[in-house]
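Inside the fold
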Amino acid sequence: MGDGAGTRVRAFAAAKINLYLHVVDRRPDGYHELDSLVVFADLGDVVTARPAAGLHLAIEGPAAPALAGEPVESNLVHRAARALAAACGRAPEVALTLTKVLPVASGIGGGSADAAACLRALARLWGLAADDPSPMAVARRLGADVPVCLAGRAAYLGGVGDRLAPAPALPVVHAVLVNPGQPLPTPAVFAARSGPFSAPARFAAAPADAATLASWLAARRNDLTDPARRLAPVIGTVLAALEHTQGCLLARLSGSGATCFGLYAEAAAAARAAADLGAAHPDWWVQRCRLIADAARLDGAPVAAPAGA
Ligand code: C5P
């Protein structure tokens, strides 16, 4: 699969969800040590890449307008392409498209997932060996959530989010994601956190079903919930609304917010909850999805670019 003209590769930038997130320490450099269980949703952005003269990034899709104000060169996808090309000693000659579905600055890793998808797409387009360390080295420099998104598999996060350990097998779980439309920059949420730290709380076994998973998560927290709620009080309204939907096993904030998720054992319950929440709050972004362990599997195989594309 090398750089043949006409080759276009597609990679899926799945939303990441922190099922729990404990802040276990603060490092002298200001970053926080975490213990978190991250899974993915079968819902996300899409990055495509094809050979071109020079580096181009087009951003489209329903959430693209939120990025219209920033220079395209500062987008994490553009930065990922430049950094991987430099690491591989080649020119970044590629036309990228980012189809933006996930709300920006929303705690479900949109920008990190996009950067990771770009790295996976370019690794395939440029024929990098599966064990080439460059994509992961670049991912670590781009942001704390980029490595787990690059790996594309459910994982426990340690360190500042860059130390990955395999997640236990997880049952089939359905979810509703709700974002109230207020961007929440991650640094501000960490800066607003105060109080004691939490202990790591990894599971001792694999949860047998969705109800067991929810009961184990109920004994854990997202330690960024209180600071995020102080900055965006609407998060409290979102969590209460999710908790009141029929069949909701648990409602929590993801990452630094403001996206919240509800967990459901049945697809029909998630569908009904999403429909009801969307009708009651037309200004909220409401999506139902399924939680998945293997997001990289949803990357598309190379496809021939349409003539003239
Ligand atoms: O690495 P990333 O760009 O995603 O992090 C954004 C900001 O969030 C960091 O600059 C830092 O303020 C905060 N952060 C943190 N501890 C982490 C991850 C992020 O304090 N583990």
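Everything discussed here concerns the structure shown above.
What you are looking at is a predicted structure, and each value in this text was computed from that prediction instead of being measured. (Residues numbered from 1 in each chain as written. Predicted model: local features only at pLDDT ≥ 70, side-chain atom pairs only at ≥ 80, totals over all residues. Heavy atoms only, no water.)

Let's talk about the nonpolar core
In this structure, F40, A49, L96, C118, L119, L122 and L142 are the most contacted members of the largest nonpolar core, which totals 45 residues. Here this core takes 10 residues from helix α2 (residues 110–125), the largest share from any one element. Excluding residues that lie within four positions of it along the chain, L96 makes contacts with V47, T48, A49, L55, H56, L57, A58, V77, A81, C118 and L122. Grouped together as the second largest cluster of nonpolar side chains are 29 residues, L224, V238, L239 and A258 included. (Core = buried A, V, L, I, M, F, W, Y, C linked by side-chain atoms within 4.5 Å. Buried < 20%, exposed > 50% of the residue type's maximum accessible area, 1.4 Å probe, protein only. Helix = DSSP H or I, 4+ residues; strand = E, 2+ residues; numbered from the N terminus. Contact = heavy atoms within 4.5 Å.)

Some thoughts on the site of the ligand
Every residue close to the ligand is listed here: G30, Y31, H32, L34, G143, A144, V160, T186, P187 and F190. Take H32: an N or O atom from its side chain is 2.7 Å from an oxygen atom of the ligand. Relative to its unbound accessible area of 450 Å², the ligand is 75% covered by the protein chains. Residue assignment for the shell around the ligand shows that the elements contributing at least two residues are β2 (32–51) and α5 (186–192). Among the elements that line the shell around the ligand, the one with the most residues is α5, at three residues. Its residues assigned to classes, the shell around the ligand comprises six nonpolar, four polar and no charged. (Near = heavy atom within 4 Å. Polar contact = N/O pair within 3.5 Å; in protein donor to acceptor, adjacent residues only side chain to side chain. Areas by Shrake-Rupley, 256 points an atom, 1.4 Å probe, with all protein chains shown as cover. Nonpolar A, V, L, I, M, F, W, Y, C, P; charged D, E, K, R; others polar.)

Examining the environment of R82
Mapped onto the secondary structure, R82 falls in helix α1 (residues 76–88). Between the C-alpha atoms of R82 and F40, which are 42 residues apart in sequence, the distance is 26 Å. Look past the residues within four positions of R82 in its chain and what remains in contact with it is L55 and E73.

A word on the pattern of salt bridges
According to the stated counting rule, one finds 10 salt bridges in the structure shown. We note a salt bridge from K16 to D145, for which the minimum N-O separation is 3.1 Å. With a gap of 129 residues between them, K16 in strand β1 (residues 7–26) and D145 in the loop between α3 (134–142) and α4 (146–151) connect regions that are remote in the sequence. Residue K16 is classed as buried on the basis of its relative accessible area of 2%. Classification of D145 as partly exposed rests on a relative accessible area of 21%. Among the ionic contacts, a cluster of salt bridges with common partners joins D45, K100 and D114. (Salt bridge = Lys/Arg side-chain N within 4 Å of Asp/Glu carboxyl O.)

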